[in-house]
Structure formats: C-alpha cells, structure tokens
Amino acid sequence: MRSGARFEVRTSDCLGPCDHADVVVIQPSTAGRLRGGRPIRIGWSGTRGCTDDLLTWVAAGGPGIAPPPPALELHAFRPARPALGPRRARR
C-alpha cells in the first residue's frame, strides 16, 4: 500500500532504545490528538508485515481515531524514562 503523499515521514539516526530497533513513532493527527491519541512507539518494525500494518492503520486514522491492529499492539512499547542526574542542592 502506498500513501500517495498523504503521510509525512521523517528519519532519524536513533530513537534511543536499541533493544527495540527498528523503531517507528506514529504521531496522531490533529483530530486524533483531540480524541485522546498520543504518539505510539512501535519496535521491531523492519518486516514487510509490520510496515503493511502501519500503513493500513495510519490510512484508517491512526492513534485516537482507529485502534491499532493486534499485531502492532505486540510491537508497541513505552520508552524508559531517562535517568535523572544528581539533584543539585538549593542554596
């Protein structure tokens, strides 16, 4: 399935969690965000099946509009929060 230039794709060298490579972040549309959709990270996305599922889901509306296919739910993950450095004492 091709997007027909309906989707914006950005590339990055690294999105952080190497143990989930290849990572894709799906951002909700404005309508999806208004309905509660939030960015979703999909790991291990380097297969044709995962790519097809991603395109089908986004074409159906993506986060906040359409539920992800069950196979993508298995690939979804939340990134670990970055470790905070030592707190500086207030003077």
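One numbering rule holds for all chains: residues counted from 1, following each sequence as written. Reporting of local features is limited, given that this is a predicted model, to residues whose pLDDT is at least 70; pairs of side-chain atoms are given and counted only at 80 or more, and all residues count toward the totals for whole chains, interfaces and linings. As a rule here, side-chain values come from all non-hydrogen atoms in the structure, and water together with hydrogens is ignored.

Asks: Explain the side chain of Ser45 to me, and be specific about the residues and the numbers.
Replies: Secondary-structure assignment places Ser45 in the loop between β2 (40-42) and α2 (48-59). Identification of polar contacts relies on pairs of N or O atoms within 3.5 Å, with a donor-acceptor requirement for protein atoms, meaning one able to donate a hydrogen and the other able to accept it, and with residues adjacent in sequence counted only if both atoms are side-chain atoms. A distance of 2.8 Å separates a polar atom in the side chain of Ser45 from the backbone oxygen of Asp22. Helix numbers and strand numbers start at the N terminus; a helix is a DSSP run of H or I with at least 4 residues, a strand a run of E with at least 2.

Asks: So what's going on with the pattern of salt bridges? Which residues, and what values?
Replies: Salt bridge, as used here, is a side-chain nitrogen of Lys or Arg placed within 4 Å of a carboxyl oxygen of Asp or Glu. Applying the stated criterion across every chain yields a total of one salt bridge. As a salt-bridge pair, Asp52 and Arg48 come within 3.5 Å of each other at their nearest N and O atoms. Highlighted residues: Asp52 and Arg48, both in helix α2, separated by four residues, approximately one helical turn. We call a residue buried when its accessible area falls under 20% of the maximum for its residue type, exposed when it is over 50%, and partly exposed in between, using a 1.4 Å probe and counting protein chains only. Here Asp52 falls in the partly exposed class, since its relative accessible area comes to 28%.

Asks: Requested: an account of the nonpolar core, with residues and values cited.
Replies: In this structure, Ile26, Ile42, Cys50, Leu54, Trp57, Ala66 and Leu72 together form the largest nonpolar core, which totals seven residues. The dominant element in this core, judged by the number of residues it contributes, is α2, at three residues. Leave out the neighbours within four places in its chain, and Trp57 touches Ile26, Ile40, Gly62, Pro63, Ala66, Pro67, Pro68, Pro69 and Leu72. Buried Ala, Val, Leu, Ile, Met, Phe, Trp, Tyr and Cys residues form a nonpolar core when they are joined through side-chain atoms within 4.5 Å. Any two residues whose heavy atoms approach within 4.5 Å at even a single point are treated as in contact.

Asks: So, α2: which residues are in play, and what are the values?
Replies: Expected span of a helix: the number of residues minus one, times 1.5 Å. Taking 1.5 Å of rise per residue, twelve residues should cover 16 Å, and α2 covers 16 Å from first to last C-alpha, within 8% of that figure. Those residues of α2 that sit buried are Cys50, Leu54 and Trp57. In an axial view of α2, the angular spread of the buried residues amounts to 70 degrees, which keeps them on one side of the axis. For α2, the secondary structure elements touched by its buried residues are β1 (24-26), β2 and α3 (70-75). Residue Gly61 follows α2 closely and has a positive phi angle near 130 degrees. Summarising the geometry, the arc corresponds to the directions from the helix axis toward the C-beta atoms.

Asks: Tell me about the sheet that holds β2, residues and numbers included.
Replies: Two strands qualify as a pair provided DSSP detects at least 2 bridges between them. Read across the sheet, three strands follow the order β1-β2-β3 without closing on themselves; strand pairing throughout is antiparallel. Each edge of the open sheet carries a strand with a single partner, namely β1 and β3 (76-77). With two bridges connecting them, β2 and β3 associate as antiparallel partners. Bridge pairing in β3 links Ile42 to Ala76. Lying on the sheet, α2 is in contact with β1 and β2; it crosses β1 at an angle near 15 degrees. For helices, the axis comes from a line fit to the C-alpha atoms of the stretch in contact; other axes are also lines fit to C-alpha atoms, and the angle between any two N-to-C directions lies between 0 and 180 degrees.

Asks: Requested: an account of unusual backbone geometry, with residues and values cited.
Replies: Most peptide bonds take the trans form, and the phi angle of most residues other than glycine is negative. A positive phi angle is found at Trp44, which is not glycine, with a value near 50 degrees. By the element assignment, Trp44 lies in the loop between β2 and α2. The exposure class assigned to Trp44 is partly exposed, which follows from its relative accessible area of 39%.

Asks: How would you explain the confidence of the model for the protein if you had to name every residue and give the values?
Replies: Should pLDDT be low for a region, the predicted coordinates there are not to be read in detail. A residue's pLDDT is simply how confident the predictor is in it, with values from 0 to 100. Model confidence for the protein is summarised by a mean pLDDT of 80, while 77% of its residues fall at 70 or above. No element of the protein has a lower mean pLDDT than β1, which averages 88, and none a higher one than helix α1 (residues 30-34), which averages 92.

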